[in-house]
Amino acid sequence: GESVGLHLPTLSVQEGDNSIINCAYSNSASDYFIWYKQESGKGPQFIIDIRSNMDKRQGQRVTVLLNKTVKHLSLQIAATQPGDSAVYFCAENINTGGFKTIFGAGTRLFVKA
Amino acid sequence: DTAVSQTPKYLVTQMGNDKSIKCEQNLGHDTMYWYKQDSKKFLKIMFSYNNKELIINETVPNRFSPKSPDKAHLNLHINSLELGDSAVYFCASSPLWGSGANVLTFGAGSRLTVL
């Protein structure tokens, strides 16, 4: 079926620590995954993406890991800052004759100063 | 310059009323979307238009009617509003339809409260 879910709805980390946000997906045909960040009062914003032919992709302070064997995606944020506090969504693009983006339930990240 | 702008940002109305939310994008994208976000932050796609043509129509009540006068605009009209329609509605756009590497640019959302 079509579903993208998250293991933890809320994550609290100390400023400066690394954060790991996990996501499980169920559609084995998905070949493109995206992480979005949603700050309070705003729309989701693209952070980083990864294609299914990769298992790791790095950006600035963020890394996405993809494990297709267990259908698991994670977002790692290095040296977490107060500005990283937000809700994070993983999403997958599913081919329905075109592509539609299906979002997971979201994880709220709290950064403690 | 706001890339995807939607109005109004807040909308409070009575059950049974009809209301519209407007969306415009200045990114030159071909595809536009409406998503609904409920109180638990779950984002669900409602509609997608590619170059003014309806592409995706999820199982949304027919009280919801999208309209795309041109590829830069996608409006959402809701008839006979119900309490369960209360949510934040997000408009989004993306460059290409049919591309697996499809990244969405979202507007700031329109919070609809039905009393």
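Residues numbered from 1 in each chain as written. Chains lettered and ligands numbered in written order. Predicted model: local features only at pLDDT ≥ 70, side-chain atom pairs only at ≥ 80, totals over all residues. Heavy atoms only, no water.

Peer 1: Now, about the side chain of Gln38(A): what can you tell me, with residues and values included?
Peer 2: Relative to the helices and strands, Gln38(A) is located in strand β4 (residues 32–38). A polar atom in the side chain of Gln38(A) sits 2.9 Å from the backbone oxygen of Lys42(A). Excluding residues that lie within four positions of it along the chain, Gln38(A) makes contacts with Gly43(A), Pro44(A), Ala86(A), Val87(A), Phe89(A), Gln37(B), Lys41(B) and Phe90(B). (Helix = DSSP H or I, 4+ residues; strand = E, 2+ residues; numbered from the N terminus. Polar contact = N/O pair within 3.5 Å; in protein donor to acceptor, adjacent residues only side chain to side chain. Contact = heavy atoms within 4.5 Å.)

Peer 1: Just give me the short version of the interface of chain B and chain A, but keep the residues and values in it.
Peer 2: Facing 22 residues of chain B, the contacting portion of chain A comprises 22 residues. Buried area between chain B and chain A, summed over both chains or domains, comes out near 1700 Å², and the portion from carbon and sulfur atoms is 58%. Connecting chain B to chain A are one salt bridge. Among the ionic pairs, Lys100(A) bridges to Glu58(B), the shortest N-O distance being 2.8 Å. When contributions to the side of chain B that touches chain A are tallied by element, the ones reaching two or more residues are β4 (31–37) and β5 (43–50) of chain B. Its residues assigned to classes, the side of chain B that touches chain A shows 12 nonpolar, six polar and four charged. (Buried area = accessible area lost by both parts, 1.4 Å probe. Salt bridge = Lys/Arg side-chain N within 4 Å of Asp/Glu carboxyl O. Nonpolar A, V, L, I, M, F, W, Y, C, P; charged D, E, K, R; others polar.)

Peer 1: Can you lay out the sheet that holds strand β3 (residues 19–25) of chain B for me, pointing to particular residues and giving the numbers?
Peer 2: Residues and elements named next belong to chain B. Read across the open sheet, the four strands follow the order β1-β3-β8-β7; overall the sheet is antiparallel. The open sheet has two free edges, formed respectively by β1 (4–7) and β7 (64–70), since each of these has just one partner strand. Within this sheet the neighbouring strands show an average axis-to-axis angle of 15°, counted without direction. Of the strand pairs in this sheet, β3 and strand β8 (residues 73–78) are connected by four bridges, and their pairing is antiparallel. From the neighbouring strand, Glu24 faces β8, where its bridge partner is His73. (Pairing = 2+ DSSP bridges. Axes fitted to C-alpha atoms, helices over the stretch in contact; angles between N-to-C directions.)

Peer 1: Help me get a handle on the pairing of strand β8 (residues 72–77) of chain A, residues and values and all.
Peer 2: All names here are of chain A. In this sheet, β8 lies alongside strand β3 (residues 19–25) in antiparallel orientation, the contact comprising six bridges. Opposite Ile20, over in β8, you have Gln76 as the bridge partner. As paired strands, strand β7 (residues 62–67) and β8 are joined by six bridges and run antiparallel to one another. From the neighbouring strand, Leu65 faces β8, where its bridge partner is Ser74. The turn linking β7 back onto β8 is made up of four residues, and Lys71 within it adopts a positive phi angle of 55°.

Peer 1: Describe the state of the cysteines, with residues and values.
Peer 2: What the rule picks out here adds up to two disulfides over all chains. A sulfur-sulfur separation of 1.8 Å characterises the disulfide bridge that pairs Cys23(A) with Cys90(A). As the torsion about the S-S bond is roughly 50°, the Cys23(A)-Cys90(A) disulfide counts as right-handed. Here Cys90(A) lies in strand β9 (residues 86–95) and Cys23(A) lies in strand β3, a separation of 67 residues in the sequence. Per residue, the accessibility class of Cys23(A) equals that of Cys90(A), and both read buried. Disulfide pairing is shown between Cys23(B) and Cys91(B); the S-S distance is 1.9 Å. On the S-S bond that ties Cys23(B) to Cys91(B), the torsion sits near -80°, and the link is left-handed. With Cys23(B) in strand β3 and Cys91(B) in strand β9 (residues 87–94), the pair connects residues that are 68 residues apart, well separated along the chain. The exposure class of Cys23(B) is buried, given its relative accessible area of 1%. Since its relative accessible area comes to 0%, Cys91(B) is described here as buried. (Disulfide = S-S within 2.5 Å. Buried < 20%, exposed > 50% of the residue type's maximum accessible area, 1.4 Å probe, protein only.)

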